[in-house]
Every structure is written in structure tokens, then in C-alpha cells.
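So you can see what is in the structure, the chains are spelled out below.
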Amino acid sequence: VGAQLGTGPLAGRHVIVTSGPTHEPIDPVRYLANRSSGAQGTALAQALVRLGARVTFVTGPARAARPVGCTVVEVETAIQMQDAVTAALPADAAIFAAAVADWRMQAETGSKIKKQAGGAPPSLDLTENPDILKGIAGLESGRPQLVVGFAAETDDVVAHATAKRARKGCDWIVANDVRPETGIMGGTDNAVTLITEDGAEDWPLMSKRDVARRLADRIAKALG
Ligand code: CTP
Ligand code: CA
């Protein structure tokens, strides 16, 4: 990884990173999920480790190889992810790169839902998952000094992301345009807009690894 333990601008700092999708079981053989390779969250965790941070990496079932030098916590559902993040506190910063499923089944079924011959498809009764980012950003005591969310949008990226930053109470939002024609979802490059209290900052198209490095540098500066 290249970083000596205990050196670098983030030495002595603890950073929590969430990454990947969550899976919400429908029945024992099916689940609801978001599309997420975990690439950006993994690259970010790796960049933070390089700067000397102690990183707790809370990941859903993602394709990307796990980052090296982190404490890795593997979860499946949004509720498990929330529990893992809470258990990892206190932290100096918390970065929410995960694509958390917004809904889960209202009632878990232990039996497989069967097709009915000639029947209508089942309707699924869903309930909203807890908003992990909003919960941590709103902590009255023990809030990390820096709380960063991601926003994957398909239209009016800056407007939506700016509204999201206010709604969630986080310090920064890293927004990206995930319209299929951008190739960002599942690809190696990313074009992000960083939304802070000072406004929107467009970063040029670069690799997810370079986005991660630049973001890690900004996090180090912000923590001072
Ligand atoms: N997030 C979270 N917990 C959730 C949903 C989202 O922690 N239950 C975090 C994501 O990790 C991300 C940020 O919130 O950092 C924004 O996620 P996004 O899905 O864009 O926001 P939502 O509030 O779910 O709005 P939308 O209706 O656009 O999906
Ligand atoms: Ca969502």
C-alpha cells in the first residue's frame, strides 16, 4: 500500500467508509438490490489508508476486491450496514459511498414465493430502510467532524445533489451523473461534482482511483 502505519497526513485519524450495494431479501432465494460495483468506495478507502488513516470499510456484497490495510466489515442489508457503522464510531470522518437499497420487505418470509399457474405476479409490500447517512450527520453527540455523502443522479445533477446535501445534513456531497451513456456505473472513470457549503465544484473526468486520491487529499485538509 505504501503507507507506513502511523505516518501521513491522516495518521491517528479514524475514517468509516461504506461501499457497495445492499441486498434486501425478498425470500430465501431472491433479493432487491442497487447497482454498485463498489469500485469508487474501495478506491477511496485505499487512498485514505495511503494517507495514514485507520479505515473501517463497511461493504455490502460488492464485486470489487476488498481494500488492503482496512478493517473490513461485510454486511448484506441496510440495517446490518447501519449497525456496523454505529458500532465503528467514534470516527473523525464518515464517507457514505454505498448504494443502499431504499426499501426492504415489510415482512420477511422464510418460504420461497411460488409462481401460481395462470395467476398474477405477487405484489411486494415494502418499507423504507433507515437513512444511514442522515442518521450519522444528525447525531447530537459523537458526530464525526466530517460527514460526506455520495449522490448518483440522472438529471439536474447539481440541483438534486445540493438539495440532498441540505436534506441529509452532511458536510459534502460527491455527485455523479449515472446516465447509462456516461459509462460511469460499472466503469473505471468518474466525473464528479463536489458540493460543499461553498457551492459546486466540477472535477474533470478522471479514473476512479484519481477521484479517490483527490478526495482523500481534501478530507485530510478538512480534518487539518
Ligand atoms: N444513503 C444511506 N442510507 C440510505 C440511503 C442512502 O446512507 N438508506 C446514503 C448513500 O450512501 C449516499 C447518500 O445517502 O451517500 C445519497 O444516497 P441516494 O440514494 O442518492 O439518496 P436518497 O436520499 O436515497 O434519494 P433518492 O430518492 O435519490 O434515491
Ligand atoms: Ca436512494
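Higher on the page you've got the structure.
Residues numbered from 1 in each chain as written. Chains lettered and ligands numbered in written order. Predicted model: local features only at pLDDT ≥ 70, side-chain atom pairs only at ≥ 80, totals over all residues. Heavy atoms only, no water.

J.: I tried to follow the overall build of the protein on my own but got confused; where do I start?
T.: On a plain count of helices and strands, the protein comes out with 5 helices and 14 strands. Computed over C-alpha atoms, the radius of gyration of the protein comes to 18 Å, within 12% of the 17 Å expected from 2.2 N^0.38 for 224 residues, which places it in the range of a compact globule. Here the protein has roughly 11500 Å² of accessible surface; of this, 50% comes from carbon and sulfur atoms. Averaging the coordinates of the 24 positive side-chain charges in the protein and doing the same for the 25 negative ones gives two points 5 Å apart. (Helix = DSSP H or I, 4+ residues; strand = E, 2+ residues; numbered from the N terminus. Rg over C-alpha atoms; globule rule 2.2 N^0.38 Å. Areas by Shrake-Rupley, 256 points an atom, 1.4 Å probe, with all protein chains shown as cover. Lys, Arg positive; Asp, Glu negative; His and termini not counted. Charge placed at Lys NZ, Arg CZ, Asp CG, Glu CD.)

J.: What am I meant to see in the sheet that holds strand 9 (residues 146–153) here?
T.: What links the strands of a sheet is backbone hydrogen bonding, and the strands pair in either a parallel or an antiparallel sense. Sheet architecture is open: 8 strands sit in the order 5-4-1-6-9-10-12-13, paired in mixed fashion. Each of the sheet's edge strands pairs with one partner strand only, and the pair in question is strand 5 (71–74) and strand 13 (199–202). Within the sheet, the average angular offset between the axes of one strand and its neighbour, ignoring direction, is 15 degrees. Sheet contacts for helix 2 (residues 78–88): strand 1 (14–19), strand 4 (54–59), strand 5 and strand 6 (93–96); angle to strand 1, the most-contacted strand, approximately 175 degrees. (Pairing = 2+ DSSP bridges. Axes fitted to C-alpha atoms, helices over the stretch in contact; angles between N-to-C directions. Contact = heavy atoms within 4.5 Å.)

J.: What's the story with the packing of aromatic side chains in this structure? I'm lost.
T.: How two aromatic rings sit relative to each other is given by the distance of their centres and the angle of their planes. Applying the stated criterion across every chain yields a total of 0 aromatic pairs. The side chain of Arg-214 reaches across the aromatic face of Trp-203, ending 4.4 Å from its centre. Positioned above the aromatic ring of Trp-172 is the side chain of Arg-218, whose terminal nitrogen or guanidinium carbon lies 5.9 Å from the ring centre. (Phe/Tyr/Trp six-rings, centres within 6.5 Å; stacked < 30°, edge-to-face > 60°. Lys NZ or Arg CZ within 6 Å of the ring centre and 35° of its normal.)

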